[in-house]
Each structure stands twice: as C-alpha cells, then as structure tokens.
Amino acid sequence: MTPPIATVPAKVRAPAAGGLARERLDALLARIHEYRLALVVAPAGSGKTTLLSHLAAAAQSPVAWYRAEIWDGDERAMVTHLGRAIEATSGNLGDQDGSIDGLLRALEASLTQPLVLVVDDLHTLEGSPAERALERLIEYAPPALTVLAASRVQPAFNLPRWRVSGVLLEIAADDLRFRPWEVERLFRDHYKQQLPPQELAVLTRRIEGWAAGLQLFHLATRDKSPDERRRILSGTTTGSRLTRDYLTRNVLADLSAELRTFLVETSVLGRLSGPICDALLDSKGSRQRLEELERRQIFTTRLDDDSAYRYHEVLRTHLLALLVEAHGDSGAQQRHRRAGEVLEAAGAIPEALAAYSHGEDWSAVERLLGQTGEALVSEPAGWLDALPASLVRQDPWLMLASARRARIEGRWPAALEAYGQAERAFGPADAAMTCRRERIALAGWLEPLPHHGRDWAGMVRAATVRDPMAVARADDASGEPNASLARGLAALAAGYVTTAREVLERVAEDEATPPVHAAGASMAAGLSRLLAGDPLALEPIEAALNAAERLGARWLGRLGRGAIAVQGGDEAEVATAIVACQRDGDAWGEGLIRLLQSATLQDPAGLAAAEDAAAIFHRLGSGTLEAWARCLGSLIAAQQGLDARDAALRAEAFARSAGAAGPRAYAFRALALGDPARASDYGLLAEAVESETGLSMPSDGGTAGRRGQVPAPDRAAPDAQRRPSIALVTLGGFGLSVDGRPIDLSTTKPRARALLRYLALHAGTAVHREVLAEALWPEGDLNAALRSLHVALSGLRHLLEPGVGRGGSSLLVRDGDAYRLELPAGSKVDFLELERAAAEGIAARAANDRAGARTRLRDVLDLYHGDLLPEDGPAEWANERREQLRTVVVGAAQSLAEIHIEAGEPADAAVAALAGLAADRYHDPSWRLLIEARKRAGDHGAAGRARREYAEVLAGLGLAEVEDATPTNGHHERADE
C-alpha cells in the first residue's frame, strides 16, 4: 500500500511542479519508458528539477523520487533511499539487504508495471561507490524500470555503449534554455509581468535563456518602477544582489581557489582558448582548466570552431564585478587593455574591440575601427553590445554594423534608418556606396519597386513578383555562391515542392553556404516537405529554428516558430509570432505565417488568414504569394459551403498569370467543390498539377492537417491504411523493391546508397545516428557527418516513397536519435530468410526430422547467391556480418551433405559439399565430405581430383593433409590437428 504523501520524507518525495510548462521539453520525455536511462545534464539553475517535477506531476505511471546528497556516497545509504523512494509509490519491495544486487532481486520479483525512478542532483555522487552502484542498477534493472537522472556533470557511466544501443535519452543545457518566445510567455503568463518588447529582447540576449537568471530578474524587479527595472536591466549586475548570491553559493563555492581565480582573471576575454589564456596570464595549463570548467558545466560554452570557449554572459558579468572588487577600477581597466592586446594578436578582432572599449582605450578602438572596420561589420554579433552607445552613434562603421544587425534580426524599418545614417556619416567614402546598395536592396523588399538587384536576393525578390520558375531555371551567370538558394526558393514559390526540396537540402548541406543562408534553406526545405505531405517535415524546420536563434536571425526564428505553432494548432503562439512580426515591421513574416494558417484551417479563421495574407502580399507587390493566398482562400470558402466558384476562377487565372503552378491545384479543388457538374474534370486538373509539382493534399481537396500530421486517408478504400511491403536482396548484390516495384538506385549518390545498404543490414532495428555517421562519414567531424546523414535520409525517403500522399507511412522511421528501415507486413529480406531457414533446418535435424531438415537446409543454399553486400567491400560494418552469414551457409551445407551420406545419397551429398566450398574454399569438413561422397558414388576419378584440389589448398596454407579423416557422423577434425 502506498503511504500517504504527508508521511513520505522530502528526500524521496517529488517537489510540487512549478514554473512554466513547456511542451517542447515535455515532448522530449513523452516516450521515456522506451529508454533505460534519461539523463539531463546542465549547469546550476537551468531548470533540471523543474523539468523532472513536471514529468512526475503529469506521469500516468508511478514515479519514484530520490534527491541525492553528498553524504549518500556509500552504496548502502543510497540503496536504502532508493528502496524507500520506490516503496513510496509501488508498495513493499521486501528484503533488499542494503546492496544494489539485493535491490535488483527485489525489483525483479515485485515490479509488474512501468516505473520511472528519478535521481536528482546526481553530481553529488560523483566518483563515489554509490555512483558505480547506480550504474549497475541501470545496467541490470528489469525492463519496466527507467531511470531519469539530473546532474551538473556527466556521470562516469558507460554512456557511449548505452548511446549506441539506443537505450539512452540525453537532454542538454541547450534543450533547457528558454527560447525567446518562452521568455515572453514566462513573464506574461506565469509571472504576470508584462515587459515591453525592447526589454524582453535585451533580457533574452543577456540572460541567454538561463532559467534561474530569468527568475532572479523577476524577483529583483517585480516591485520596481519601469525606470528602476530598466536601470537593473541595463546595468552591469543583471539581477542585482540576488544573482550574485546565487552564483557565489551555487556555482563558484564548489570550485577550488585556483579555478575561481582563473575564472575571474580570464573574464576580461570575450573569447577563450588555451593559448589566449596562457598569454594573458603568462602561465601554462589553461586548456586543461577550460576543459575542466566545461566538464563541470560552469557556464563555459565551446564555440563552433571547437578550439575556443566563452563564458555565459550572466557569469561573466558577475566575474567582472569580482575583478573590480579584487583590483579596483584602474586595475580592471588595465586587464581589459591587456586582454585587447592578446585578443588582437590572436586575430579575435571583435572581442579585442570590446576589450579595448571596457578598458576605455579609445585610441586602440579608433585604430582597430580604422584598420578593420569593413571586416568587423561583415557579421555583426554580440560584440556590438559591449560598446558605448555614444560610440556606436558616432562611428560610421558601427552605424553600418547596427544596420546589418537590425536587418538580420528582421527589424527592417530600423535597419533602413540605420543604413541611411551610416551612408550620411561615410560621406564621399567608398563605404557609403556599400550602405546605399544594401539600403536599396532592403527597400526593394518593403516596397513594390519595379526593378530588383541582380544578386541572389534580387533573384528571390523577382520570383515573389511573378514567373518564379523563370528564376528557378535560370543559369547562374552571376557567380553568386547563393544562386542555388535563389533557385530553390523560387521553385518553392512556384509550388514545385519536390524540386525545391532537393535543391534546398543540397544548399543546406553545402559547407560553403553561409550559416544564416543554410538555416533558411533548411527551413524552406522543411516547408517544401510539409507541402508534399511528409509527416517528418517539422524536423528540418525545428533544426533551422534553433540555428536561427544561435545566429541572431530573429526574423527566421519567428517564421519557424510560427510554422511549428500553426502545425501544432497552438493559436496563442501563432498570435504571439504575428504580433512580434508586426512589432518589428516584418510584413513578410506576418504574411507567410498567415498563409500557413490558411493552409491548415478549414473554417472562417482560415479564410480570414488567407484574406489577410493576400492583402499583405498585394501591398508588397508579391503576385506569386498573393496567388497562393487567393487560391487557398477560395478552397476554404468552398469547403464552408460558400459560393466560391467565381472567386476560384479569378484565383486560378491570377495564379496562371503570376506563373505560380502550385496554387492552381487549390483553385481547381475549390472549383470541383463548387461546380458538381464538372467536378471530375476539375479534379483531374488538380491531380495533374499535384503530380507535376509534388504537392500533396487529401482526395477531398482539404488543406493540410495540424501538428505536422496529415489527415487520415479515405477509410472507404480498403488499402489506404496498408503500408507498402519491401523486398531486400543483399546476397550477391544489392537490390530493393517496394510493393513489387524495383527501385532504380543508379541516380542516388554513393553515400546515400551505402546508407540504404547499412540500414538494410539492420532492417527492422533502429541504428543510432552517431553510429551511422561514424560508419559512413568517418573522415569528417561529427556535426558535418550528421548533416550529411540528414540529407541522405531525406533523399532516400523520397526515393522509396515518391509523392507519398497525406496519411501515408514512411519506410524510413526516426526513433529518437536513431533511424530504422521499417519492415511492414509482407516484407522479405533474403539474409534474414536465410538465417531463419538455417536455424529451422538445424533444429529439425536435432529433432530427427530428416525430411524437414533437408527442405530448410536446401532453402539456405538456394537463397545464397554470393557474399553479403559485395558493393561495400572490406567495410568493417559489412564484413563482420558477411563472415557470420558465410559460416551459417557453410554449416548448413555441411549438415545437408552429412544427411545425404547417412541416407545413402552420395550424389546429393557432393552437391551440398560443393555449395559449402563455394562459400568457403578453406572449409576442411566440406572437402572431406566431397571426397567421401565421390568415393561412395563409385566415381574414383572425381574423388582423386577432389583430393588433389584439397591438397593444393592445404599446401597453400602450409599444412599437410591428414590421411583417412573423412567424416561421416558429424564429428570432424581439422587438417592441422
């Protein structure tokens, strides 16, 4: 019997769920019972316990809670607490004898339903016997038990093995980080503290999504006036005393004096590496200290180039305050100036500029701006915040940097104003022309100008006006590296979603593509997949959203956020995204989000969204996108039973005039609903457009479903729910058929074909993405390999199920961080059939079922047409299984030959022995069986030839033949024994 909650000690009782519920995180734990261990590793104050408590509150099955403490390091102490925690939810476990093995025995005997065991603050057990005992519990626990652990450091478990075997779910600090829209929701809905958009933007940038920092800011400002709140937000000690106390007690207190000193002295660096810190401190060993800080999750983040780090802004602000306390203002300024010199020497110019500014070395700032201003402003980032506002308003290069930053954030009216200021400040300098050119290009997106630039962005803008396929098919005469991106986006605007997806995924994968453009290409590829009915379309959109946030591309992040909210049916989030677009003057973002709304709603709200989108795109002079909105609106009106025939005819004519093929399918569907007499004709026209472009919509002409899912297929069709069967041939050469249709692999890239063969070798079993990346892309870094894997998987999905309709299932299935080639009912895999036949044949022989053994062992030899996956040569991942199968075939041949000899059938025995030798020429028993079979058949000449060939084989191995060692009863000796 479960004890009342009041009698359960707090140490083994889940705390009340608090904070903001975040569906994004809840979704990560939705399938927790499929894993042996779910591990949350993040710095102090990241929201680990909050996440765990939300799971405990919402779980449908029992959740046992145990909060570890440093004095629980003894195995017996920890086991006692674990037992109490489990008994508090699942009843008496019986005697556990204070050991992990005893607890395991008790769990095996009593655990009859799924149970999640939460271990909070696991880091307190680091290096203790209790940590090792917990690893043993996780390793040998019954399948019904899942351990969910939260820690500030990676535990010393065998995580790589669990990661590869697919039993480990990992949640990192970046997963817990509050996204910009979550910060807005937190203050609006949870704290009931409405912050102005500008303050939210600054808070999000400075706190960097740290949960405790957001709460501390709320506590420090909840009773303050707006002026006091702005002072705290803009000051050098964000969060005031509360933040300093938290960091001192929960982050710095457990560090050695040496590490604390290292943190304070290196806080003047905006970029840290071993050599940079060594140069600053005139010492050695900095790289090891940085690695230790990263391992201990002390707010130290590795940068993209993998050789440098930075401190979290909140921690760095606190450390800089400690630096002033230790050395005074003048001493701190001297250290900033020294940091500027070291950073400049290392080529970290933006960080050097910020350091010189903190050190008030204005001559160095002026010198750097004069020497490297143009390079500095090419990619404006966080370094701009470190400069005094007065300096930014005076220097033309910094004005240009501000304009570019506003542009990438999607604050386009503000960007136009800043470009104008920079242009005037440069005067007759050549840089003024750069400002003018960028300002005019941006203005072309905000006003319906008649002419557009000839660069890639101008190509895209022209495609939004009319005839997008002319842009998509254009030769690249500009030499622009982003011309492929322009062509992919133009194809998407035209509705040719298959072409668009293929082009855009290649662009996203290309290492030469600038990061922001790669994120945009990935998001557009996801939208292409969405329009094609791909149920996994949100994956690249979510990845692009995360990349956009890291890069500061707020406009792209808003679009991704809106797309995901639209598909999830989260109307509040959709409205928030639209308001954010309106606030920043991002009409394109608002129009696209409303267009996506109209593609998912079949009600008056969807019609209103389509009308709003049409009006926005009309103002922007975008005939292509206006055509989409008008055609979608006509379909929704027809579905609502309104008289939409005329509107649909006008919309179709408008789309035809604009050169946008895809939208016409929606207009034809609307006409089919509004003109029953010609419904069949219009339906055929719609199907023709869909076939040509790759668009997919339900047979009733409805629009896309919510949450990235597609409406269920017509249940009147008996085959609608059936998954396609596949047939895999791997022996003697690779081949694949889907529903009897041979798949032509010749047009697929070699790595994608190798990926398909790898998955075929593990058909029906999930393979972790890192295993796939390591096996097939071993020469590069892991991130690049994972990107290549994603592109290859996308290509294979399209190859296996081209034009899969809404509601169709995918043969390539994602399972967490793993992928598997699905084996629907009726599927066949030759090597699996071979292994099954061999097992059944051996079992039949053991049961003295000679006839059954003969049949199944012959099946083995009939199925073996050559080595497994010969295309992959000596690849380690293929060779091991290849040798295993060869052993199975040789063993089956040997058993069949012995059966035939025992039955007095020497000719058949010889055939079986030869089959074994064809698989393995060096198999001694097969040679001996062949010789014996020839003898018993009375063919002494053939027996002699076989003996001579056998002798040659042995001589080649440096062995001598053993006389008269012919096996007849299943027991054999090797020739070298």
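Heads up: these notes are all about the structure in this document.

What counts and what doesn't
Residues numbered from 1 in each chain as written. Predicted model: local features only at pLDDT ≥ 70, side-chain atom pairs only at ≥ 80, totals over all residues. Heavy atoms only, no water. Helix = DSSP H or I, 4+ residues; strand = E, 2+ residues; numbered from the N terminus. Buried < 20%, exposed > 50% of the residue type's maximum accessible area, 1.4 Å probe, protein only. Contact = heavy atoms within 4.5 Å. Areas by Shrake-Rupley, 256 points an atom, 1.4 Å probe, with all protein chains shown as cover. Lys, Arg positive; Asp, Glu negative; His and termini not counted. Charge placed at Lys NZ, Arg CZ, Asp CG, Glu CD. Pairing = 2+ DSSP bridges. Axes fitted to C-alpha atoms, helices over the stretch in contact; angles between N-to-C directions. Core = buried A, V, L, I, M, F, W, Y, C linked by side-chain atoms within 4.5 Å. Phe/Tyr/Trp six-rings, centres within 6.5 Å; stacked < 30°, edge-to-face > 60°. Lys NZ or Arg CZ within 6 Å of the ring centre and 35° of its normal.

1. Structural notes on the overall build of the protein chain
Within the protein chain one finds 45 helices and 14 strands. C-alpha atoms of the protein chain, sized along the principal axes, occupy 105 × 80 × 65 Å. Here the protein chain holds 977 residues, and 52% of them are scored as buried. Long-range contacts, defined here as pairs at least 24 residues apart, represent 65% of the contacts in the protein chain between residues at least 6 apart. Of the roughly 43,100 Å² that the protein chain leaves accessible, carbon and sulfur atoms contribute 51%. One way to put it: in the protein chain the 111 positive side-chain charges average out to a point 3 Å from where the 134 negative ones average out.

2. With respect to the sheet that holds strand β2 (residues 63–67)
One open sheet holds the five strands; their spatial order is β2-β3-β4-β1-β5, and the pairing between them is parallel. The sheet is open, and its two edges are formed by β2 and β5 (168–171), each paired on a single side. The average angle at which neighbouring strand axes cross in this sheet is 15°, direction not considered. Bridge analysis of strand β3 (residues 115–120) against strand β4 (residues 145–151) gives five bridges, and the strand direction is parallel. Following the sheet pairing, Leu115 is matched in β4 by Leu145.

3. Remarks on the nonpolar core
If you look at soluble globular proteins, the nonpolar side chains tend to sit buried side by side. Residues Phe187, Leu203 and Leu269 are the most contacted members of the largest nonpolar core, which totals 141 residues. The element that contributes the greatest number of residues to this core is helix α33 (residues 623–639), accounting for 10 residues. Apart from the residues lying within four places of it in its own chain, the contact partners of Phe187 are Lys192, Gln193, Gln194, Leu195, Leu203, Leu214, Phe217 and His218. Counting residues in each nonpolar core, the second largest holds 73 residues, with Val889, Trp927, Leu930 and Ala933 among its members.

4. Considering the packing of aromatic side chains
Enumeration over the complete set of coordinates arrives at 12 aromatic pairs. Judged by centre distance (5.2 Å) and plane angle (70°), the ring pair of Trp445 and Trp588 falls under edge-to-face. Placement of the pair is Trp445 in helix α22 (residues 430–446) and Trp588 in helix α31 (residues 587–598), with a sequence separation of 143 residues. In this structure Trp588 comes out as buried when scored by relative accessible area, which is 7%. Just above the ring of Trp445 sits the side chain of Arg461; from NZ or CZ to the centre is 5.6 Å. Over the ring of Phe654 we find Arg630, and its NZ or CZ is 4.4 Å from the ring centre.

5. Concerning the sheet that holds strand β9 (residues 735–738)
If you walk across this open sheet you meet the four strands as β10-β9-β8-β14, and the pairing is mixed. Looking at strand neighbours, the two that pair on one side only are β10 (741–742) and β14 (828–829), the edges of this open sheet. For β9 and β10, the ladder comprises two bridges, and the chain directions are antiparallel. Bridging from a neighbouring strand, Ser737 pairs with Pro742 of β10.

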